[in-house]
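# Secondary and tertiary structure notes
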Amino acid sequence: MAEIFQITHKVKKWHNNDAYINFEVYKTDVKNVVLTIEELDKIYFLDLSDNPHYEVARDIFLIGCYTGLRYSDLRNLRPENVLEKKNIRLKTIKGDKLVVMPIHYRVKLILEKNDWNFPAVISNQKMNEYLKVLGKLAKISESVIIPIKKGNMRTDVTHFKYALISSHTARRSFATNAFLDGVEPLHIMRITGHRTEKAFLRYIRMSEMDNAIKLADHPFFNAPLKLVQQK
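Just so it is clear, the model here is predicted, and its values are computed rather than measured. Here the residue index of a chain counts from 1 through its sequence in written order. Only residues with pLDDT of 70 or above have their local features reported here, since the model is predicted, and side-chain atom pairs are shown and tallied only from 80 upward, although totals for entire chains, interfaces and linings are computed over all residues. Side-chain numbers come from the whole structure's heavy atoms, not from hydrogens or water.

### Considering the packing of aromatic side chains
What describes a pair of aromatic rings is the distance from one ring centre to the other and the angle between the planes of the rings. Classification of ring pairs uses Phe, Tyr and Trp, with its six-membered ring standing for Trp, and accepts pairs whose centres are within 6.5 Å; under 30 degrees between planes counts as stacked, over 60 as edge-to-face, and the remaining range as tilted. Counted according to the given criterion, the structure contains 3 aromatic pairs. Between the aromatic rings of Tyr44 and Phe45, the centroid separation amounts to 5.0 Å while the plane-to-plane angle is 90°, which identifies the pairing as edge-to-face. Type-normalised accessible area, obtained with a 1.4 Å probe on protein chains alone, sets the label of each residue: buried when under 20%, exposed when over 50%, and partly exposed for intermediate values. Among the residues examined, Phe45 registers a relative accessible area of 60% and is labelled exposed. Taken together, a centroid distance of 4.9 Å and an interplanar angle of 90° make the contact between Tyr54 and Tyr130 edge-to-face.

Given below as structure tokens:
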């Protein structure tokens, strides 16, 4: 069960128009959570030798984090989907789309450990249960605040980040981390299946600091290599 804290605030009533009371309750989609490269490293380096069930769940999840494949497609991966130990090639269930991607080095290490066989995918329900345990073991305990509004009341629900991790987190983490690392959106979209850049950009999650870091190397913010002194 997710560990949460709730803080309720009374919103000031600035006018007498109470039509907003009939509006739908606003809820933040907890599926939007993504894991950073550093957080994925923490999960990867967990010692799970005493619990093979968690190790399998960890490996499946990380394959998703480094391929961007939906959980339904992860279930269908077979050795024959690997081309010369360099690429993964398959047709997705949703959209029947052909996808080819380089094998991330972490995925390669997982496959080598399993004699180039993909781990047997467990049920999505059990996977989501295990992922929260793995996140807690990896100390991914950042606080995530989710505002919920109803009428003139707002409740801030604070979750530990590990309590929000699910199988869908893998796909969003792939898209966000690849984008932040400088992979062109068009190339990522060829893997994730997004048809427009607008839809893709809604899919990724980037903090203000992530945005600043990404812009730091942009030529606009840096002096030219050679400054010509004006006469």
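### Regarding the pairing of strand β7 (residues 153–160)
Only DSSP runs of H or I reaching four residues or more are called helices, and only runs of E reaching two or more are called strands; each is numbered from the N terminus. When you tally the buried positions in β7, you get 6 out of 8 residues, the bulk of the element. The pairing criterion for strands is at least two bridges between them, as found by DSSP. Hairpin remark: strand β6 (residues 143–150) followed by β7, antiparallel, with 2 residues in the connecting loop; positive phi at Gly151, about 65°.

### Some thoughts on the packing of helix α2 (residues 52–67) against helix α5 (residues 124–137)
Packing of α2 against α5 brings their axes to within 10 Å, and their N-to-C directions diverge by 95°. Between α2 and α5, the angle is such that the two are roughly perpendicular. Where α2 abuts α5, its residues His53, Tyr54, Ala57, Arg58, Ile60 and Phe61 lie against Met127, Tyr130, Leu131, Val133 and Leu134. Looking at the contact of α2 with α5, its residues break down into 9 nonpolar, 1 polar and 1 charged. Comment: axis = line fitted to C-alpha atoms, over the contacting stretch for helices; angle = value between 0 and 180 degrees taken between N-to-C directions. Each angle gets one of four labels, with under 35 degrees taken as roughly parallel, over 145 as roughly antiparallel, 65 to 115 as roughly perpendicular, and the rest as oblique. The contact rule is simple, with two residues in contact once any of their heavy atoms fall within 4.5 Å. Only Asp, Glu, Lys and Arg are considered charged, only Ala, Val, Leu, Ile, Met, Phe, Trp, Tyr, Cys and Pro nonpolar, and every remaining residue, Gly among them, polar.

### Structural notes on empty space enclosed by the protein
Site definitions follow a grid-based scheme: protein atoms alone, a 1 Å grid, a 1.4 Å probe that fits but cannot get out for cavities, and for pockets an open set with protein on both sides within 12 Å along at least five of seven lines, plus lining residues having an atom within 4 Å of a point. Grid points are joined across faces, edges and corners, and a volume is the space filled by probe spheres set on the points. For the structure on display, the rule yields 2 cavities of 30 Å³ or more. A volume near 50 Å³ is recorded for the largest cavity. Lining the largest cavity, in full, are Ile60, Ile63, Leu74, Leu77, Phe118, Pro119 and Val121. In this structure, the second largest cavity spans a volume of roughly 40 Å³. Along its surface, the second largest cavity is lined by Ile60, Phe61, Leu69, Tyr71, Leu74, Met127, Ser167 and Ala170. Only α2, α3 (71–74) and α6 (167–180) provide two or more residues apiece to the lining of the second largest cavity. Partitioning the lining of the second largest cavity into residue classes produces 7 nonpolar, 1 polar and no charged.

### Remarks on the environment of Lys97
Here Lys97 lies in the loop between β4 (87–91) and β5 (98–102). Residues Lys97 and Gly193, spaced 96 residues apart in sequence, show a C-alpha to C-alpha distance of 7.7 Å. Apart from the residues within four sequence positions on either side, Lys97 is in contact with Leu90, Lys91, Thr92, Arg190 and Gly193. N or O atoms within 3.5 Å of each other form a polar contact, as long as, within protein, one can give a hydrogen and the other can take it, and as long as residues adjacent in sequence are counted only when both atoms are side-chain atoms. In this structure the side chain of Lys97 is engaged in a polar contact, spanning 2.7 Å, whose partner is the backbone oxygen of Arg190.

### Quick notes on unusual backbone geometry
In this structure, Asp96 takes a positive phi of about 50° despite not being glycine. Along the chain, Asp96 turns up in the loop between β4 and β5. For Trp116, which is not glycine, the phi torsion reads 65° and is therefore positive.

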